[in-house]
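Listed below, chain by chain, are the residues.
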Amino acid sequence: MDKSIHSKNYRMMIASLREEREKRGITQENLANMLGVKQNFISKIETYERRLDLIELRTICSKIGLPFVSFVEKIEKNIEND
């Protein structure tokens, strides 16, 4: 089993999260400011250098206006259909 940060499913989840952020017109810098972190924190997540935990994912979803449960359901559906 691959480490989750390197798995195809993890990369798909992060790509989907980035897509949702961009769709809402939120830059990495904007999101970092919302979270009270530096922009490179977001960059490292989106380039798979830093693992995102469940609580961080929930917080990011909340900050960008993305319903957490809906996002997780979308990811689950994509994994099942892959």
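Procedures and definitions
The numbering scheme is per chain: residues are counted from 1 as the chain's sequence reads. Thresholds applied to this predicted model are a pLDDT of at least 70 for local features of residues and 80 or more for the giving and counting of side-chain atom pairs; totals over whole chains, interfaces and linings are not thresholded and use all residues. Hydrogens and water molecules were not included; the side-chain quantities draw on all heavy atoms of the structure. Counting from the N terminus, the helices are DSSP H or I runs at least four residues long and the strands are E runs at least two residues long. Here, two residues are considered to be in contact whenever any of their heavy atoms come within 4.5 Å of each other. The axes used here are C-alpha line fits, helices contributing only the stretch in contact, and every angle between their N-to-C directions lies in the interval 0 to 180 degrees. Should the near helix be turned anticlockwise from the far one by less than a right angle, the crossing is left-handed, and should it be turned clockwise, the crossing is right-handed. Think of it as three bins: nonpolar holds Ala, Val, Leu, Ile, Met, Phe, Trp, Tyr, Cys and Pro, charged holds Asp, Glu, Lys and Arg, and polar takes everything else, Gly as well.

A. Focus on the side chain of Gln28. Residue placement: Gln28 occurs in helix H2 (residues 28–35). Contact partners of Gln28, with chain neighbours within four places excluded, come to Arg21, Gln39, Ile42, Ser43 and Glu46.

B. Spatial organisation of the packing of H2 against helix H3 (residues 39–46). It is the contact of H2 with H3, at a shortest axis distance of 8 Å, that shows an interaxial angle of 115 degrees. Crossing handedness for the pair H2 and H3: right-handed. Only Gln39, Ile42, Ser43 and Glu46 of H3 make contact with H2, whose side of the interface consists of Gln28, Glu29, Leu31, Ala32 and Leu35. A class-by-class count of the residues in the contact of H2 with H3 yields 4 nonpolar, 3 polar and 2 charged.

All we've got here are geometric facts, nothing functional implied.
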